[in-house]
Amino acid sequence: MNDYIIRAIAADDQIRAFAAVTTETVETARQDHNTSPVATAALGRLLTAGAMMGSMMKGNKDILTLQIECGGPIGGVTVTADANANVKGYVNQPNVIIPANKDGKLDVSGAIGPGFLNVIRDIGMKEPYNGQVHLVSGEIAEDLTYYYATSEQIPSSVGLGVLLDKENFVKQAG
């Protein structure tokens, strides 16, 4: 695969930065699950986040699960990742079709609707760590930013994107 993650540390380890290209992973998921464009975007964003967050885990056997429980037509999205950034995931309703948003873009927020984001870290202890926040936008990146700020008290900024071509193949993701 040509997907990759770049990590950087600055300011005496006070600032961490991650950038990822996940185009092949997201396109494979689109093909395997036969997802609609908006479901591809939602799943692709969460797969990318899972890969980056999984790569932050320390133990080789550690497992991260990102789960969106929502009231929108997509019905939910689940992704698991390991410390090597291997990811897999699914959407509950992969064939959701909804109109574009007011900006003419895929309406991931409309497909997800209100709900919760669960972040579950299994690091081999007796019980896994489970953090939960309500969805602030359904756009996934903003929801993860909110999760980091409220649940982990880590000031963060998260950006995620999936670009599809006219035939609905994944042109770029990261």
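Worth saying up front: this structure is predicted, and the values here are computed from it rather than measured. (Residues numbered from 1 in each chain as written. Predicted model: local features only at pLDDT ≥ 70, side-chain atom pairs only at ≥ 80, totals over all residues. Heavy atoms only, no water.)

Colleague: I keep staring at the overall build of the chain and nothing clicks. Help me out?
Modeller: Within the chain, the secondary structure is distributed over four helices and nine strands. Secondary structure of the chain in N-to-C order comes out as β-β-α-α-β-β-β-α-β-β-α-β-β. Expected size for 174 residues packed as a compact globule is a radius of gyration near 16 Å; at 15 Å, the chain falls within 12% of this value. Referenced to the eigenvectors of the C-alpha coordinate spread, the extents of the chain come out at roughly 45 × 35 × 30 Å. Here the chain holds 174 residues, and 43% of them are scored as buried. Long-range contacts, defined as pairs at least 24 residues apart, comprise 53% of the intrachain contacts of the chain with a sequence gap of at least 6. Accessible area for the chain stands at about 9,400 Å²; split by element, carbon and sulfur atoms hold 51% of it. In the chain, which carries 13 positive and 19 negative side-chain charges, the distance between the mean positions of the two groups comes to 1 Å. (Helix = DSSP H or I, 4+ residues; strand = E, 2+ residues; numbered from the N terminus. Rg over C-alpha atoms; globule rule 2.2 N^0.38 Å. Buried < 20%, exposed > 50% of the residue type's maximum accessible area, 1.4 Å probe, protein only. Contact = heavy atoms within 4.5 Å. Areas by Shrake-Rupley, 256 points an atom, 1.4 Å probe, with all protein chains shown as cover. Lys, Arg positive; Asp, Glu negative; His and termini not counted. Charge placed at Lys NZ, Arg CZ, Asp CG, Glu CD.)

Colleague: So what exactly am I meant to see when it comes to the nonpolar core here?
Modeller: M53, I68, I74, V77, I112, L117 and I140 are the most contacted members of the largest nonpolar core, which totals 41 residues. Residue contributions to this core peak at 10 residues, all from helix α2 (residues 37-55). If we skip the residues at most four places from it in the chain, I68 touches L46, G76, V77, I112, F116, L117, L135 and I140. (Core = buried A, V, L, I, M, F, W, Y, C linked by side-chain atoms within 4.5 Å.)

Colleague: Hey, could you run me through the environment of G161 in this one?
Modeller: Relative to the assigned elements, G161 resides in the loop between α4 (141-150) and β8 (162-164). Note on G161: relative accessible area 26%, which makes it partly exposed. In this structure, the C-alpha to C-alpha distance between G161 and G44, residues 117 residues apart in sequence, is 7.7 Å. Residues contacting G161, with those up to four places away along its chain left out, are R45, Q172, A173 and G174.

Colleague: What exactly am I supposed to notice about the pairing of strand β5 (residues 87-91) here?
Modeller: Taken residue by residue, a regular strand's side chains alternate between the two faces of the sheet. Here five bridges tie strand β4 (residues 77-82) to β5, and the two strands are oriented antiparallel to one another. Bridged to T80 within β5 is K88. The hairpin turn running from β4 into β5, its antiparallel successor, is four residues long, and A85 in that turn takes a positive phi close to 70°. (Pairing = 2+ DSSP bridges.)

Colleague: Honestly, the sheet that holds strand β6 (residues 115-122) in this entry has me stumped. Any pointers?
Modeller: Strand pairing within a sheet occurs via backbone hydrogen bonds; the two strands may be parallel or antiparallel. The strand order across the open sheet built from five strands is β5-β4-β3-β6-β7, with neighbouring strands paired in antiparallel fashion. Strands at the two margins of the open sheet, each flanked by one partner only, are β5 and β7 (129-134). Put simply, the sheet's adjacent strands are angled 10° from each other on average, direction ignored. Inspection of the sheet shows strand β3 (residues 63-70) paired to β4 by six bridges, in the antiparallel sense. For I68, the partnering residue across the bridge sits in β4 and is V77. Along the sheet, α4 makes contact with β6 and β7, crossing β7 at roughly 120°. (Axes fitted to C-alpha atoms, helices over the stretch in contact; angles between N-to-C directions.)

Colleague: Got a minute to help me understand the layout of surface pockets in this structure?
Modeller: Picture a little ball the size of a water molecule; that probe, rolled over the atoms, points out where space is still empty. The volume enclosed by the largest pocket comes to roughly 470 Å³. Lining the largest pocket are 21 residues, and of these R16, F18, M56, S156 and S157 sit closest to its centre. Broken down by secondary-structure element, the contributors of at least two residues to the lining of the largest pocket are β2 (15-21), α2 and α4. The element best represented in the lining of the largest pocket is β2, accounting for six residues. The residue inventory of the lining of the largest pocket, partitioned by class, reads 15 nonpolar, five polar and one charged. (1 Å grid on protein atoms, 1.4 Å probe; cavity = no way out; pocket = protein on both sides within 12 Å on 5 of 7 lines; lining within 4 Å. Points joined across faces, edges and corners; volume = space filled by probe spheres on them. Nonpolar A, V, L, I, M, F, W, Y, C, P; charged D, E, K, R; others polar.)

Colleague: I'm lost on the side chain of T78 in this one. Help?
Modeller: Mapped onto the fold, T78 is located in strand β4. Owing to a relative accessible area of 12%, T78 belongs among the buried residues under this scheme. Not counting residues within four places of it along the chain, the set of residues in contact with T78 comprises L46, T65, L66, Q67, K88, G89 and Y90.

It is worth stressing that arrangement in space is one thing and function is another; only the former is reported here.
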